[in-house]
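# Structure at a glance
Chain by chain, the residues run as shown.
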Amino acid sequence: MDGVIRPLGRVVLFIGMAMFACSAHALGDDEAALLKRVQTAAKAGDAKAEYQLANLYLSGAGVRKDAAKAAAWYRKAADQGYGPAQSELGALYLRGIGVPKDEAQAVVWVREAAEQGEVIAQSDLGMLYLNGQGVEQDDAQALVWLRKAAEQGSAAGQHNLASLYQRGGAGLAKDDDEAKRWYGKAALQDRSQLGVSQSRMALCLYRGEYEVWCSEAQSPGAFGPVEDLVAAAERGDTQAQTRLGDIYSKGIGVQKDEAQSFNWYRKAATAGYAPAQTRLGYLYSTGVGVAKDEDASIAWYCEAAAQGYRGALTNLEIMRIYGSFNPDECPARRALR
């Protein structure tokens, strides 16, 4: 079915992600020490560490990429009842990555994880029922599991449920209002989650008032060398400071550090750089790297919007659409800063 996130498409996404910034031959002392601790704990039977080590083997982060070893470590953690590992192991069986392709085994492990409340597994199980993969096709069961995932905040589940409403699939009547509602819930989450960018694009394609999502559906741009950015940022270059905030936020070329990300955004925002003000507003709205503060979030969005910055205008317009703030109140909010 077009538009939905196929079961376990997250495996493809995850393979390109790294827990560590450096490859195995270039690990820094801190990263190497962390890798050693994970390996030691995994070998001692710690399920979470087994899962983390499997992630590293799957992505090739800090170790040589090896899907078979990833599957073996996922299996060790899954056998101990660790839900995230069960979910990922099911993903590998469905795709035949590191293990022979086996839809029946995929369902076994995905169901184990889903019944423990793993929301991505719940979404996956719903899609397995929808497509009849490893189980008899069952629209009712598909909707049960997709709705469980969606209601617990899974962006993938929300996207897939919205897609069914948009097309009238799985026995649901076509309902654009419900589709937009669920796409909207997914779209408001962090971009790194599977289903968020897809939901933003789906809203963008509705046009009209939803065109505000079009600019948000794009992936972030390229980043320069960290050393060059640090040198420029320390000289007061607000664009470099903002890029550093982006890099620390996502762990691109450095260890992910939300507090560092916040500090660099704040430097640039305080200097009046609108993109950083917008990012800082987002951090305050989500409580990432700083205590959640809706008033501060709105104030920074308003500061950036006063400069005509599109990202801030977009966020404020989205808030207007969802009834959480009227941008006409920005002058008063800015006066309070």
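The structure this text deals with has already been given above.
The structure displayed is predicted, hence computed values, not measured ones. (Residues numbered from 1 in each chain as written. Predicted model: local features only at pLDDT ≥ 70, side-chain atom pairs only at ≥ 80, totals over all residues. Heavy atoms only, no water.)

### Topic: the overall build of the protein chain
On a plain count of helices and strands, the protein chain comes out with 18 helices and zero strands. Out of the 337 residues belonging to the protein chain, those deemed buried represent 48%. Counting contacts in the protein chain only where the partners sit at least 6 residues apart, residues at least 24 apart contribute 50% of the total. Accessible surface, the protein chain as shown: approximately 15,700 Å² in total, 48% of it carbon and sulfur. (Helix = DSSP H or I, 4+ residues; strand = E, 2+ residues; numbered from the N terminus. Buried < 20%, exposed > 50% of the residue type's maximum accessible area, 1.4 Å probe, protein only. Contact = heavy atoms within 4.5 Å. Areas by Shrake-Rupley, 256 points an atom, 1.4 Å probe, with all protein chains shown as cover.)

### Thoughts on unusual backbone geometry
For Ala170, which is not glycine, the phi dihedral falls at a positive 55 degrees. Mapped onto the fold, Ala170 is located in the loop between helix 9 (155–167) and helix 10 (176–187).

### Some words on the packing of helix 10 against helix 11 (residues 196–204)
In a pair of packed helices, the angle between the axes and the distance between the axes together describe the arrangement. At a minimum axis separation of 8 Å, helix 10 and helix 11 run at an interaxial angle of 135 degrees. Taken together, the axes of helix 10 and helix 11 lie oblique to each other. Our pair here, helix 10 against helix 11, has a crossing hand that is left-handed. Along the contact surface, helix 10 presents Lys180, Tyr183, Gly184, Ala186 and Ala187, while helix 11 presents Val196, Ser199, Arg200, Ala202 and Leu203. Grouping the constituent residues of the contact of helix 10 with helix 11 by class yields six nonpolar, two polar and two charged. (Axes fitted to C-alpha atoms, helices over the stretch in contact; angles between N-to-C directions. Parallel < 35°, antiparallel > 145°, perpendicular 65-115°, else oblique. Left-handed = near helix turned anticlockwise from the far one by under 90°. Nonpolar A, V, L, I, M, F, W, Y, C, P; charged D, E, K, R; others polar.)

### Brief notes about helix 8 (residues 139–151)
Look at helix 8: 18 Å from first C-alpha to last across 13 residues, which is about the 18 Å you get at 1.5 Å a residue. Among the residues of helix 8, the N-terminal cap falls to Asp138, whose side-chain oxygen and the backbone nitrogen of Ala140 are separated by 3.0 Å. One or two steps after helix 8, the chain reaches Gly153, where phi turns positive at roughly 100 degrees. (Expected span 1.5 Å × (residues − 1). Polar contact = N/O pair within 3.5 Å; in protein donor to acceptor, adjacent residues only side chain to side chain.)

### With respect to helix 12 (residues 226–234)
Within the sequence span of helix 12, burial applies to Val226, Leu229, Ala232 and Ala233. Down the axis of helix 12, the buried side of the element spans an arc of 130 degrees, and every buried residue falls inside it. For helix 12, the exposed residues set more than 90 degrees away from the buried face come down to Glu227, Asp228 and Glu234. Structurally, helix 12 contributes buried residues whose contacts are with helix 13 (238–250) and helix 14 (258–270). The first or second residue beyond helix 12 is Gly236, which carries a positive phi of 100 degrees. (Arc of directions from axis to C-beta.)

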